[in-house]
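Below are the chains, spelled out letter by letter.
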Amino acid sequence: MLPSVSTESGTKLAKRLLAKVTHDGSGCWVWKANRHYLGYGRIQVEGSSRYAHRVSYELFVGPIPEGLTIDHLCRNRSCVNPKHLEPVTHAENMARSAPATKTHCKNGHPLSGPNLYVNATSGRRQCRACMVVARARYEEKRRPRTVPPYSDPFTDRGSYDTDEMDAIAASVKP
Ligand SMILES: [Zn+2]
Ligand SMILES: [Zn+2]
């Protein structure tokens, strides 16, 4: 059980914790000190190493109910802002953090049908329209130097509708 911030030892601990965070402008309190290999902050409390986000929650909010795990609402594991933390069941946490299958790329192109390119090695789902733009930019930068061999994402499109692909590619704002 951690001391409460209203006590002297709690205040000391809170000060020590706050000295290890930096504010990234998004509201997250990003841990800048020692981190667990998964990205969670670590802090020494009374001789033992604890997860910084759990310590922060207990200090500023209250005890974490038995059996519950702390979920990062901001999805930033190194964040210790108690307002971004919520105790949930392990099952709930797993469900929340499962990578949701993206239906669109960051530019709003559909990650489905002929526009979806699945990298055979990594399994990563990529947007063909954006790949075309990225390639054009890359070649623009490289000019007039020799352009190295590049595997064209379009070469294996088989029976895909080329006009549709061109339309998607053309709709991308540079
Ligand atoms: Zn956060
Ligand atoms: Zn895209």
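Preceding block: the structure.
Here is what the cut-offs are and how they apply
Residues numbered from 1 in each chain as written. Chains lettered and ligands numbered in written order. Predicted model: local features only at pLDDT ≥ 70, side-chain atom pairs only at ≥ 80, totals over all residues. Helix = DSSP H or I, 4+ residues; strand = E, 2+ residues; numbered from the N terminus. Buried ≥ 20, exposed ≤ 12 C-beta atoms within 10 Å, placed from the backbone. Core = buried A, V, L, I, M, F, W, Y, C linked by C-beta atoms within 7 Å. Contact = placed C-beta atoms within 7 Å.

Draft legend 1. Main features of the overall build of the chain. What the chain contains, in helices and strands, is 5 helices and 8 strands. In sequence order, the secondary structure elements of the chain are arranged as α-β-β-β-β-α-β-β-α-β-β-α-α. For the chain, buried positions account for 18% of its 174 residues.

Draft legend 2. Structural context of the nonpolar core. Of all hydrophobic cores here, the largest spans 13 residues; its most connected members are Leu17, Trp29, Ala52, Val55, Leu59 and Val80. At the level of elements, α1 (8-18), β2 (29-31) and α2 (52-60) are the ones that each hand at least two residues to this core. Top contributing element to this core by residue count: α2, with 3 residues. For Trp29, the contacting residues outside a window of four places in its chain are Val21, His23, Cys79, Val80 and Asn81.

Draft legend 3. Local environment of the environment of Glu66. Relative to the helices and strands, Glu66 resides in the loop between α2 and β5 (69-72). We classify Glu66 as exposed; it has 5 C-beta atoms within 10 Å. Each C-alpha atom of the pair Glu66 and Pro87 lies 9.8 Å from the other, and the pair is 21 residues apart in sequence.

Draft legend 4. Up close: the environment of Gly108. Structurally, the position occupied by Gly108 is in the loop between α3 (90-97) and β7 (116-118). Among the residues examined, Gly108 registers 10 C-beta atoms within 10 Å and is labelled exposed. Linking Gly108 and Cys130, residues 22 residues apart in sequence, is a C-alpha distance of 10.0 Å.

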